[in-house]
Amino acid sequence: MTHWVYSFSVGKAEGSARERDVLGGKGASLAEMARLGMPVPPGFTISTEVCRYFYANAHALPEGLDRQVDAALSQLEQLLEQKLGDGERPMLVSVRSGARESMPGMLDTVLNLGMNDDTAAAIAKATGNAVFAYDSYRRFIQMYGSVVMDIDASLFEDEIALVKANAGVARDGDLGEDDWKAVIERFKRLVRTELDEDFPEEPRVQLWGAIRAVLKSWMNPRAVTFRALHRIPEEWGTAVTVQSMVFGNMGEGSATGVAFTRDPTTGEDRLYGEFLPNAQGEDVVGGARTPHPLTRTEQTTTDIAPMDIAMPVTYQELRTVAKRLEDHYREMQDIEFTVEAGKLWLLQSRPGKRTPRAAIRIAVEMAEKGVISKPEALKRIDPASLEQLLHPMVAPDIERIVIGRGLPASPGAATGEIVFTSEAAEKALTDGRKAILVRPETSPEDIHGMHASQGILTTHGGTTSHAAVVARGMGKPCISGAGTIRIDMEAGLLITGGKKLKAGDVITIDGTSGEVLLGELPTVQPELSGDFATLMQWADEIRRMKVRTNAESAEEAETALEFGAEGIGLCRTERMFYDDDRIRAVRNFILAADDAERQSALEQLREMQKADFLQLFEIMGGLPVTIRLFDPPLHEFLPRTVPEMHDLAAAMNIDVERVRRKVEDLHEINPMLGNRGVRLAICFPELIDMQTLAIFEAVMEAGEITGEAVVPEIMVPLVAYERELKYIKDRIDVIAASVVNQWGRSFTYLVGTMIELPRAAIRADLIAESSEFFSFGTNDLTQSTFGISRDDAAVYLNEYLRKGVIDRDPFLTIDVEGVGEFVHMACERGKRTRPDITLGICGEHGGDPASIAFCESAGLHYVSCSPYRVPVARLAAAQATLAASEM
């Protein structure tokens, strides 16, 4: 019989940390802690196989599951000497989700299950605390009603508000026994009104309802969105853990909290976190109450006692188990805990989410102390997360108008218009406007708005609230618990210190300091030194592939060098012509009436290009510079509308009809497949001759200035026929000979091509006869392989992703099975003709970690990416080398 259910209790467990794929993250964590003898409430986990069966069989459950659950439940009852639904010694359980990878707040949980009129009375009698018993009962109805019975959660809150108003109190904690009994009756009437059925009193009915609800939550919209953002496969499914309840809301001596074994923002080696006295777990992560710090070092106000003062014995016990767990896992841990009447219980321990800067500090410190190896430290860092360290922070010397303060939940600075809803954040993104999502607190339903915004500001919650955890995972700045700010959602106002800001007003949030600032503030780049530099050094020692950059300007080249670029892998020369002064010269060339006008325009362009290339050669100081010859169709440089044509004609003092005819002559139905690249070079060879001469003259001048030999790499784009490349290479060689003759000294240069058409990959052996290097232009190679335009594909590719037709956008991560096959083919055939041919990639995929791993497998010599992705590529290349060595 298939093993569906795995039990655990202190000192023993049927599973372990190695079985995350079966038990999910939570179940595996509980099993491992139980094996270690940690104080874990006993329970059992229903495997992820059940979830997969559930969705493959129209929400049916597998035969035999009920018997295994009954057996595990009976074993749990015997262990605790309690019974589910018993009127004397009732057992209560939680039913929790547990995906293989952490999905905070995305899936559902039900607490206090087993509560009914009889068990509530029994608990009140046993504890001598009727308020606790009936508060727990109403929490169960409220949670079960919204999660399992799908009743709007706000309707339950409305009922509590009415009872508080009748009682004349403002806080839930001020309600008494009779008040909570009144709330319970109102909740039951609400269920009957909404669903025309009674709330279930039978605990086993409750249990199976909760199990099904947790399984169904795997496919709720917020979970689907989260998985798509974090590339978590749908087929993994979630486990379901049923665990005996422990209560942090039993009064004095009880609490609930979250602890990190290191500071998740900075990586500092100290216990960090929050707790709430007399509360349950959802009170902390839900953000409805602002929690207390664990230690006095985190204390920001003297009227809230930290845990090390309020509960010193339990705090020391927590420190001890936290250290033991980090030592065991050799990794920073995120620990959920409950204190019930002075007894510490651990509910989960998992690798803690952290900022990229903290992740680097932790990995480097652990490696330097010998806890982990340098390769393991490298593998622990998500390369894509490094980009978050490379973006601006608020300038330190600028005047700040601070309009509020909160907890620094996720570092970095963000500026944008205030929006109060996730829908408004998405609308702003669509309109091209930057937005800051401002809310009392966020919920999992806000995931799309958080993704669309530049940063998040909440007035409630702590640094482990939903907003904080999700923002850190997304790398977005976030401030939580900004209690000095009030948000009037109905009026659409942010009210603070006498100021009233409305939707559309601009603010800046500093997620590092926790300050909310008025207006848009200038920013500065962070310094990439210390632990970051150490990690990059380790990556450079290990990686095989070189990392170049895509750059056309001096600023881009200098930035890339600072980030560790080892040359320029793609200089798109046409981008040098887009300034007003330069585009005028290109238009003069296109609209020239005769050879003399055309030659005059070309001479003007040659001087501009020579200055550009000279600057790049000087900056790169002898490193490789790959210059792609003119690629786009000429009509891109001409006006599109009639008024623009008239303006151009007037500026050039020519007849507008001449402009109109040229626009018409150059018009193409499908420019992506039109007269561009090498085709344009063959039709207008004088344009390419000009660029080649400018390159070689800049080489000669740079050599005299720097004293170093410059070896340019001239790249011919969009080659399909081997004779196309030979035609252009012959012209380049002629111009090179003339420059040698003029300057009286020789120089070295390379001529190669971009492989961006399927035919070029197929004929790579013949093309390599004239090509000393191949650079894979995977943007166009993807377009031509799929027969789609990346400029128009977003609509249907997003649908493909949403409906599971594809797993990844092929323009973001290389399509290994299709496009990748052409890359492999071209590499193999090119090396057959020219064994020493240099192979690289210069499309957007050159900065994508998954695509870089493919490049390693294909044997490429370098990747080239945008300047800000150079550190990403350096680390990803090292990880790819390590992965290849382990195969």
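Residues numbered from 1 in each chain as written. Predicted model: local features only at pLDDT ≥ 70, side-chain atom pairs only at ≥ 80, totals over all residues. Heavy atoms only, no water.

Focus on the overall build of the protein
Alright, step 1. Helix and strand content of the protein: 33 helices and 34 strands.
Alright, step 2. Whereas a compact globule of 887 residues would reach a radius of gyration of roughly 29 Å, the protein reaches 32 Å, a difference of no more than 12%.
Alright, step 3. Considering only C-alpha atoms, the protein reaches an extent of 105 × 60 × 50 Å along its principal axes.
Alright, step 4. Here the protein holds 887 residues, and 55% of them are scored as buried.
Alright, step 5. Across the protein, contacts joining residues at least 24 apart in sequence account for 68% of those joining residues at least 6 apart.
Alright, step 6. Carbon together with sulfur atoms contributes 49% to the accessible area of the protein, which is approximately 37100 Å² in total.
Alright, step 7. If the 94 positive side-chain charges of the protein are averaged to one point and the 133 negative ones to another, these points end up 2 Å apart. (Helix = DSSP H or I, 4+ residues; strand = E, 2+ residues; numbered from the N terminus. Rg over C-alpha atoms; globule rule 2.2 N^0.38 Å. Buried < 20%, exposed > 50% of the residue type's maximum accessible area, 1.4 Å probe, protein only. Contact = heavy atoms within 4.5 Å. Areas by Shrake-Rupley, 256 points an atom, 1.4 Å probe, with all protein chains shown as cover. Lys, Arg positive; Asp, Glu negative; His and termini not counted. Charge placed at Lys NZ, Arg CZ, Asp CG, Glu CD.)

Examining the state of the cysteines
Alright, step 1. In total, this model carries zero disulfides according to the counting rule given.
Alright, step 2. We note that Cys-842 lacks a disulfide partner, and the nearest cysteine sulfur, in Cys-855, lies 11 Å from it.
Alright, step 3. For Cys-842, a relative accessible area of 3% gives the class buried.
Alright, step 4. For Cys-855, which is in no disulfide, the shortest distance to another cysteine sulfur is to Cys-827 and amounts to 8.8 Å. (Disulfide = S-S within 2.5 Å.)

With respect to the packing of helix α25 (residues 685–706) against helix α26 (residues 722–743)
Alright, step 1. Interhelical geometry of α25 versus α26 gives an angle of 40° and a closest axis separation of 10 Å. Classified by the interaxial angle, the pair formed by α25 and α26 is oblique. Where α25 crosses over α26, the two elements pack in a sense that is right-handed. In this structure, α25 uses Pro-685, Ile-688, Asp-689, Thr-692, Leu-693, Phe-696, Glu-697, Met-700, Glu-701 and Glu-704 to contact α26, whose residues at the interface are Tyr-727, Ile-728, Arg-731, Ile-732, Ile-735, Ala-736, Val-739 and Trp-743. (Axes fitted to C-alpha atoms, helices over the stretch in contact; angles between N-to-C directions. Parallel < 35°, antiparallel > 145°, perpendicular 65-115°, else oblique. Left-handed = near helix turned anticlockwise from the far one by under 90°.)

What to know about helix α4 (residues 117–127)
Alright, step 1. By the burial criterion, the buried members of α4 are Thr-119, Ala-120, Ala-122, Ile-123 and Ala-124.
Alright, step 2. Buried residues belonging to α4 abut β5 (90–91) and α5 (130–147).
Alright, step 3. In this structure Asn-116 caps α4, since a side-chain oxygen of it lies 3.1 Å from the backbone nitrogen of Asp-118.
Alright, step 4. Two residues or fewer after α4 comes Gly-128, characterised by a positive phi angle close to 65°. (Polar contact = N/O pair within 3.5 Å; in protein donor to acceptor, adjacent residues only side chain to side chain.)

Quick notes on the nonpolar core
Alright, step 1. Judged by nonpolar contacts, the single largest core of 125 residues is most densely connected at Phe-617, Phe-696 and Leu-860.
Alright, step 2. Counting 80 residues, the second largest nonpolar core, distinct from the first, contains Val-5, Met-91, Trp-218 and Val-419. (Core = buried A, V, L, I, M, F, W, Y, C linked by side-chain atoms within 4.5 Å.)

Digging into the sheet that holds strand β23 (residues 499–502)
Alright, step 1. Strand order across the open sheet formed by three strands is β21-β22-β23, with antiparallel pairing between neighbours. Looking at which strands have only one partner, the edges of the open sheet turn out to be β21 (486–488) and β23. Between one strand axis and the next, the sheet turns through 25° on average, direction left out of account.
Alright, step 2. The pairing of β21 with strand β22 (residues 493–496) spans three bridges and is antiparallel. If you follow Arg-486 over to β22, its bridge partner there is Ile-495. (Pairing = 2+ DSSP bridges.)

Some words on the packing of aromatic side chains
Alright, step 1. By the definition in use, this model includes 15 aromatic pairs.
Alright, step 2. Where Phe-156 meets Phe-187, the ring centres are 4.9 Å apart and the plane angle is 85°; that geometry is what we call edge-to-face. Remark: Phe-187 occurs in helix α7 (residues 177–195) and Phe-156 occurs in helix α6 (residues 153–167); sequence separation between them is 31 residues. As far as the burial class goes, Phe-156 and Phe-187 line up, both buried.
Alright, step 3. Their ring planes at 35° and their centres at 5.5 Å tell us that Phe-630 and Phe-637 sit as a pair that is tilted.
Alright, step 4. Exposure remark for Phe-630: the relative accessible area of 2% places this residue in the buried category.
Alright, step 5. In this structure Phe-637 comes out as buried when scored by relative accessible area, which is 0%.
Alright, step 6. Taken together through their ring pairs, the aromatic side chains of Phe-140, Tyr-144 and Phe-199 make up a single cluster.
Alright, step 7. The residue whose ring lies beneath Arg-100 is Trp-236, and the NZ or CZ to ring-centre distance is 4.0 Å.
Alright, step 8. Stacked on the ring of Trp-345, the Lys or Arg Lys-343 has its end atom at 5.1 Å from the ring centre. (Phe/Tyr/Trp six-rings, centres within 6.5 Å; stacked < 30°, edge-to-face > 60°. Lys NZ or Arg CZ within 6 Å of the ring centre and 35° of its normal.)

Describing unusual backbone geometry
Alright, step 1. The phi angle at Glu-81 is positive, at roughly 55°, despite the residue not being glycine.
Alright, step 2. As for its position among the elements, Glu-81 is in the loop between α3 (65–80) and β4 (83–84).
Alright, step 3. A positive phi is found at Arg-330, a non-glycine position, where the angle reads about 55°.
Alright, step 4. Assignment of secondary structure puts Arg-330 in the loop between α12 (312–329) and β12 (333–340).

Considerations on the pairing of strand β30 (residues 712–716)
Alright, step 1. By the criterion of burial, β30 is predominantly enclosed, with five of the five residues buried.
Alright, step 2. Residues Pro-712, Ile-714 and Val-716 of β30 are buried on one face, and the alternating residues Glu-713 and Met-715, pointing to the opposite face, are buried as well.
Alright, step 3. Two strands pair when backbone bridges link them, and strand β29 (residues 625–628) and β30 are joined in this way by four bridges, in the parallel orientation. Bridging across to β30, Thr-626 finds its partner in Glu-713.
Alright, step 4. As defined by bridge partners, β30 adjoins strand β31 (residues 750–755) across four bridges and the pair is classed as parallel. Considered in β31, the bridge of Glu-713 is made with Leu-750.
Alright, step 5. On the question of chirality, the crossover connecting β30 to the parallel β31 by way of α26 is right-handed. (Right-handed = clockwise from strand over helix to strand, strands pointing away.)

What to know about the environment of Ala-702
Alright, step 1. Relative to the helices and strands, Ala-702 is located in helix α25.
Alright, step 2. With relative accessibility at 0%, the residue Ala-702 sits in the buried group.
Alright, step 3. Distance from Ala-702 to Ile-619, taken between C-alpha atoms, is 10.0 Å for residues 83 residues apart in sequence.
Alright, step 4. In contact with Ala-702, not counting residues within four places along its chain, are Leu-614, Phe-617, Gly-707 and Val-710.

Notes on the pattern of salt bridges
Opposite charge on two side chains allows them to pair when their charged atoms are near.
Alright, step 1. Inspection of the entire model under this criterion finds 65 salt bridges.
Alright, step 2. Note that Asp-174 is salt-bridged to Arg-171, the shortest N-O span being 3.1 Å.
Alright, step 3. Note that Arg-676 is salt-bridged to Asp-631, the shortest N-O span being 2.9 Å. Taken together, the positions of Arg-676 in the loop between α23 (656–666) and α24 (678–683) and Asp-631 in the loop between β29 and α22 (642–652) put the pair 45 residues apart, joining distant regions of the chain. There is no split in this pair, since Arg-676 and Asp-631 are both buried. (Salt bridge = Lys/Arg side-chain N within 4 Å of Asp/Glu carboxyl O.)

What about the sheet that holds strand β10 (residues 272–277)?
One key point about sheets: their strands pair by backbone hydrogen bonds, in either a parallel or an antiparallel sense.
Alright, step 1. Spatial ordering of the open sheet is given by β11-β10-β9-β12-β13, a layout of five strands whose pairing is antiparallel. Both edges of this open sheet fall to β11 (292–293) and β13 (343–351), since each of them pairs with a single strand only.
Alright, step 2. In this structure, β10 lies alongside β11, joined through two bridges in antiparallel fashion. If you follow Phe-275 over to β11, its bridge partner there is His-292.
Alright, step 3. The strands touched by helix α1 (residues 20–35) within the sheet are β12 and β13, with β13 carrying the most contacts at an inclination of about 125°.
Alright, step 4. Contacts between α12 and the sheet are confined to β9 (255–260), β12 and β13, with β13 contributing the most and set at about 30° to the helix.

A few points about the packing of α5 against α7
Alright, step 1. In contact at an axis separation of 9 Å, α5 and α7 are set at 20° when each is read in the N-to-C sense. It follows from the interaxial angle that α5 and α7 lie roughly parallel. Relative to α7, α5 is oriented so that their crossing is left-handed. Across the interface between the two elements, Ala-130, Val-131, Tyr-134, Asp-135, Tyr-137, Arg-138, Ile-141 and Gln-142 of α5 pack against Glu-177, Trp-180, Lys-181, Val-183, Ile-184, Phe-187 and Lys-188 of α7.

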